[in-house]
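# A closer look at the structure
This is what each chain is made of:
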Amino acid sequence: QVQLGESGGGFVQAGGSLRLSCTASGRTFRSYAMGWFRQAPGNEREFVATINWSLTTYYADSVKGRFTISRDSAKNTVYLQMNSLKPDDTAVYYCAAAIHGGIYNRPNDYDYWGQGTQVTVSS
């Protein structure tokens, strides 16, 4: 079993930056694909970014050019660097892991989930 824990959320003004971290514990594999999703109150869970074992990345159009996903396999950690934040980025951000190391952008493609970290962007 794999446990994921997110950190780095907080309050920031529009135009600011935050860096989210997600560390995996338990039985982990470098071949896992890792992703970030977000969910605002009343909305469905939304894909943000993903990275696979070969470091191939894919981003939602809404964050492309502003967010960067990366991973440090030695530390079992994935990061989401968020720049030029907008109020619409306000949400709970979730880290997820997929056993199969493809590029996935649907929540159902992922097998393990963190509990989320709140990101609030003020105008």
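Residues numbered from 1 in each chain as written. Predicted model: local features only at pLDDT ≥ 70, side-chain atom pairs only at ≥ 80, totals over all residues. Heavy atoms only, no water.

## Quick look at the side chain of N52
Stated precisely, the cut-off is as follows: The numbering of helices and of strands both runs from the N terminus, where a helix is a DSSP run of H or I of at least 4 residues and a strand a run of E of at least 2. Contacts between residues were defined by any pair of non-hydrogen atoms, one from each residue, lying within 4.5 Å.
With respect to the helices, strands and loops of the structure, N52 is situated in the loop between β5 (46–51) and β6 (57–59). Sequence-distant contacts of N52, that is, excluding residues within four places in its chain, are made with A33, R71, G101, G102 and I103.

## Details of the packing of aromatic side chains
Counted only if it meets this: A pair of Phe, Tyr and Trp rings is counted when the ring centres sit within 6.5 Å of each other, with Trp represented by its six-membered ring. The angle between the planes then sorts it: under 30 degrees is stacked, over 60 is edge-to-face, the rest tilted. In this scheme, a residue with accessible area under 20% of its type's maximum is buried, one over 50% is exposed, and one in between is partly exposed, where area comes from a 1.4 Å probe on protein chains only.
In this structure the tally under the stated criterion is seven aromatic pairs. Measuring from ring centre to ring centre gives 5.7 Å for F37 and F47, while their planes differ by 75°; the resulting arrangement is edge-to-face. Taken as a pair, F37 in strand β4 (residues 33–39) and F47 in strand β5 lie far apart in primary sequence, ten residues in all. You'll find F37 and F47 in the same group, each marked buried. Taking 6.1 Å as the distance between ring centres and 90° as the angle between the ring planes, the aromatic pair formed by Y104 and Y110 counts as edge-to-face.

## Re the pattern of salt bridges
Rules: Each salt bridge in this description consists of a side-chain nitrogen of Lys or Arg and a carboxyl oxygen of Asp or Glu lying within 4 Å of one another.
One pass over the full model with this rule turns up five salt bridges. D61 serves as the salt-bridge partner of K64, at 3.1 Å between the closest nitrogen and oxygen. Under the relative-accessibility criterion, D61 is labelled exposed at 66%. What emerges from the salt-bridge pattern is a single network uniting R38, E46, R66 and D89.

## Regarding the nonpolar core
Put simply, the rule reads: We define the nonpolar core as a collection of buried residues of types Ala, Val, Leu, Ile, Met, Phe, Trp, Tyr and Cys that are connected through side-chain atoms lying within 4.5 Å of one another.
Residues M34, W36, L80, M82 and Y93 are the most contacted members of the largest nonpolar core, which totals 35 residues. Listing elements by their share of this core, those giving two or more residues are β1 (2–7), β3 (18–26), β4, β5, β7 (67–72), β8 (77–82), β9 (91–98) and β11 (117–122). If one sorts the elements of this core by residue count, β9 sits on top with six residues. Sequence-distant contacts of Y93, defined by excluding residues within four places in its chain, comprise E6, L20, W36, F37, R38, V48, F67, L80, M82, G116, T117 and V119.

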